[in-house]
Amino acid sequence: MKRALVAGLVVALAAGSALAWDAASDIKARQAGMKQIGGNMKGLYDTLSGDKNPAKLKEYAANIQRLSGQLPSWFPAGSGPSSGEKTKALAAVWTDPAGFKAAGDAFKTEAAKLNAAAQTGDAAKVQAAFVATRGTCKGCHDKYQAK
Ligand code: HEC
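Residue positions within a chain follow its written sequence, with the count starting from 1. Totals for whole chains, interfaces and linings use all residues, but because this is a predicted model, local features are given only for residues with pLDDT of at least 70 and pairs of side-chain atoms are given and counted only at 80 or more. Excluded from the side-chain calculations are hydrogens and water; all other atoms, namely the structure's heavy atoms, are used.

S.K.: Would you mind showing me how to read the packing of helix 2 (residues 54-70) against helix 4 (residues 97-120) here?
M.R.: Helix packing geometry: the angle between the two helix axes and the distance between the axes. Close contact between helix 2 and helix 4 brings their axes to 8 Å; oriented N to C, the two are set at 160°. Relative to helix 4, the element helix 2 is oriented roughly antiparallel. Between helix 2 and helix 4 the crossing geometry is left-handed. On helix 4, the residues that touch Leu57, Lys58, Ala61, Ala62, Ile64, Gln65, Ser68 and Gly69 of helix 2 are Phe107, Lys108, Ala111, Ala112, Leu114, Asn115, Ala118 and Gln119. Note on residue categories: nonpolar means Ala, Val, Leu, Ile, Met, Phe, Trp, Tyr, Cys or Pro, charged means Asp, Glu, Lys or Arg, and polar means any other residue, Gly included. Residue classes in the contact of helix 2 with helix 4 are distributed as 9 nonpolar, 5 polar and 2 charged. The angle between two axes is taken between their N-to-C directions and runs from 0 to 180 degrees, where each axis is a line fitted to C-alpha atoms and a helix contributes only its stretch in contact. Secondary structure elements follow DSSP: runs of H or I of four or more residues count as helices, runs of E of two or more count as strands, with numbering from the N terminus. Here roughly perpendicular refers to angles of 65 to 115 degrees, roughly parallel to angles under 35, roughly antiparallel to angles over 145, and oblique to all remaining angles. By convention the crossing between two helices is left-handed if the near helix lies anticlockwise of the far one by an angle smaller than a right angle, and right-handed if it lies clockwise. Contacts between residues were defined by any pair of non-hydrogen atoms, one from each residue, lying within 4.5 Å.

Listed below in structure tokens is the structure:
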């Protein structure tokens, strides 16, 4: 009886710490993904402000579109502020799933247009699509990311 109780406790403790570890690694992966999006947006901005190299525009825009498809998977349940881990993701991500999904979809839509513009190699088109895409970052951050 006592032995079963101890065994149960050990299992419960292991499960608890696994959960905390998962939240921490989920948050790290999410922040790394966001950094990649940020790095590609910066690369695109710098290229648009610089030599406008069409190959670079295509590469950055393709990366951004690819990452926009992955973004929704970066917010598993339990990886929010209630995990006790350090994150800027607000609880609203999980309490307002429809609004959060809409913000993610807006980004995905604009990232697809951005990539399509980049494939034409027309820097003016890429510039306009870049501004629209950046607006969708702000649209989500304003509501779902802590200041
Ligand atoms: C659908 C919502 C959403 C969209 C769209 C979005 N983000 Fe984020 N972003 C977040 C949230 C939430 C965080 C906070 C993550 C955390 O701390 O766990 C974040 C964090 C970040 C960070 C900080 C990462 C770090 O080092 O902690 C950067 C940089 C970033 N986003 C860039 C961007 C850019 C650039 C775009 C648009 C091209 C974008 N994001 C689009 C929700 C979004």
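S.K.: For this particular structure, what's the right way to read the coordination of the iron atom of the ligand?
M.R.: Reference values for angles at a metal are 109.5 degrees in the four-donor tetrahedral case and 90 or 180 degrees in the six-donor octahedral case. Donor selection uses N, O and S atoms within 2.8 Å of the metal (3.2 Å for Na, K and Ca). Since no water is included, sites may look incomplete. The iron atom of the ligand binds to the protein through Met34 (SD) and His141 (NE2), with metal-donor distances spanning 2.1 to 2.5 Å. Around the iron atom of the ligand, the 6 donor atoms sit at angles spanning 85 to 179°, and that spread fits a shape best called octahedral. On the criterion of sequence distance, the pair formed by Met34 in helix 1 (residues 2-49) and His141 in helix 5 (residues 123-144) is long-range, its members being 107 residues apart. Classification of Met34 as partly exposed rests on a relative accessible area of 28%. Here the metal geometry follows the donor angles, with tetrahedral for four donors whose angles all fall between 85 and 135 degrees, square planar for four and octahedral for six when opposite donors are more than 155 degrees apart and every other angle is between 65 and 115, and irregular for all the rest. Accessible area is worked out with a 1.4 Å probe on protein chains only. A residue is then buried under 20% of its type maximum, exposed over 50%, and partly exposed in between.

S.K.: How do you make sense of the packing of helix 4 against helix 5 when you look at a structure like this?
M.R.: At a minimum axis distance of 8 Å, the contact between helix 4 and helix 5 shows a crossing angle of 165°. Classed by the angle they form, the pair helix 4 and helix 5 counts as roughly antiparallel. With respect to the hand of their crossing, helix 4 and helix 5 are arranged in left-handed fashion. Mapping the contact onto sequence places Gly99, Phe100, Ala103, Ala106, Phe107, Glu110, Ala111, Lys113, Leu114, Ala117, Ala118 and Thr120 in helix 4 and Lys125, Val126, Ala129, Phe130, Ala132, Thr133, Thr136, Cys140 and Tyr144 in helix 5.

S.K.: I would appreciate a short explanation of the site of the ligand in the present structure.
M.R.: Residues are classed as near a molecule or strand on a simple rule: at least one heavy atom within 4 Å of it. In the vicinity of the ligand, 23 residues are found, and the nearest of them are Met34, Thr87, Cys137, Cys140 and His141. Within the side chain of Arg30, a nitrogen or oxygen atom sits 2.9 Å from an oxygen atom of the ligand. In protein, a polar contact means a hydrogen-donor-capable atom and an acceptor-capable atom, both N or O and within 3.5 Å, with residues adjacent in sequence counting only if both atoms are side-chain atoms; elsewhere, any N or O pair within 3.5 Å suffices. Measuring from an oxygen atom of the ligand, one finds a side-chain N or O atom of Thr87 at 2.6 Å. Those elements that provide at least two residues to the shell around the ligand are helix 1, helix 4 and helix 5. Top contributing element to the shell around the ligand by residue count: helix 1, with 8 residues. Tallied by class, the residues present in the shell around the ligand amount to 13 nonpolar, 7 polar and 3 charged.

Just distances and angles here, no functional claims.
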